[in-house]
Amino acid sequence: MTDIKQQIFQELTALEEAASRLRSTAVNAGKQTDLEVAILTEQVKNLREKNAKATELIDRSVSILKKLK
């Protein structure tokens, strides 16, 4: 009977450790995802700014070309 109890406690301990590792992995994955989202958000912001500047330069170029006609 003592052996069975000991085995049950060992299995419960192993299960608790596995659950703890899984929680840690999930938390780290969440942090990684948050970091990736922040990086992508910054990249999109920079691309939008560059796109706006390029659009402005194209509009100026078109205006100059129209005046030269």
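Here, the structure is the one placed above.
The rules we used
- Residues numbered from 1 in each chain as written.
- Predicted model: local features only at pLDDT ≥ 70, side-chain atom pairs only at ≥ 80, totals over all residues.
- Heavy atoms only, no water.
- Helix = DSSP H or I, 4+ residues; strand = E, 2+ residues; numbered from the N terminus.
- Rg over C-alpha atoms; globule rule 2.2 N^0.38 Å.
- Buried < 20%, exposed > 50% of the residue type's maximum accessible area, 1.4 Å probe, protein only.
- Lys, Arg positive; Asp, Glu negative; His and termini not counted.
- Charge placed at Lys NZ, Arg CZ, Asp CG, Glu CD.
- Salt bridge = Lys/Arg side-chain N within 4 Å of Asp/Glu carboxyl O.

**Considerations on the overall build of the protein chain**
A count of helices and strands for the protein chain gives one helix and zero strands. Against the globule reference of 11 Å for 69 residues, the protein chain gives a C-alpha radius of gyration of 30 Å, more extended than a compact globule. Counting only C-alpha atoms, the protein chain reaches 100 × 10 × 5 Å along its principal axes. When the 69 residues of the protein chain are sorted by exposure, 0% land in the buried category. Charge centroids of the protein chain, computed over 12 positive and 10 negative side chains, lie 17 Å from each other.

**Focus: the pattern of salt bridges**
Taken as a whole and assessed by the stated rule, the structure comprises one salt bridge. For Glu-56, the salt bridge is made with Arg-60, and the minimal N-O distance between the two is 2.7 Å. Taken together, the residues span about one helical turn, with Glu-56 and Arg-60 both in helix α1 (residues 2–68) at a distance of four residues. Residue Glu-56 is classed as partly exposed on the basis of its relative accessible area of 42%.

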